Amino acid sequence: MPARETVDPESATPVYVQVADILRSRIQSGQLLPDRPVPSESQLQQEFGVARGTARKAIALLREHGFVVTVQGRGSYVNPSR
């Protein structure tokens, strides 16, 4: 099933998981390239209309699953091994 490009706050799936799924889909499709930055928390807030904490949890989920790496003081990047 292709990931939606919008979030549904009424869904049983938490919003941060929906945002993470969209970003994961973009990584897997090549829209977000290896070793390149993923959108910042503020960019995710604007694009999806979510709170900063929601954006942060989405990035943390992607990091836990190995899709992104976070460099302190630099930001989060698509894992080059993906």
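Residues numbered from 1 in each chain as written. Predicted model: local features only at pLDDT ≥ 70, side-chain atom pairs only at ≥ 80, totals over all residues. Heavy atoms only, no water.

A. Local environment of helix H1 (residues 15-29). Taking 1.5 Å as the rise per residue, H1 with 15 residues should run 21 Å; its terminal C-alpha atoms sit 21 Å apart, in good agreement. Looking at H1, one finds that the buried residues are Val-17, Gln-18, Val-19, Ala-20, Ile-22, Leu-23, Arg-26 and Ile-27. Its buried side turned inward, H1 meets helix H2 (41-48), helix H3 (52-64), strand E1 (68-71) and strand E2 (75-78). Where H1 terminates, the next one or two residues include Gly-30, which has phi positive at roughly 90°. (Helix = DSSP H or I, 4+ residues; strand = E, 2+ residues; numbered from the N terminus. Expected span 1.5 Å × (residues − 1). Buried < 20%, exposed > 50% of the residue type's maximum accessible area, 1.4 Å probe, protein only. Contact = heavy atoms within 4.5 Å.)

B. Geometry of the pairing of E1. Across four bridges, the pairing between E1 and E2 is antiparallel. Across the sheet, residue Val-69 finds its bridge partner in E2, namely Tyr-77. (Pairing = 2+ DSSP bridges.)

C. Representation of the packing of aromatic side chains in the model. Evaluated as defined, the whole model comprises zero aromatic pairs. A cation sits over an aromatic face here: Lys-57 above Tyr-16, 4.3 Å from the ring centre. (Phe/Tyr/Trp six-rings, centres within 6.5 Å; stacked < 30°, edge-to-face > 60°. Lys NZ or Arg CZ within 6 Å of the ring centre and 35° of its normal.)

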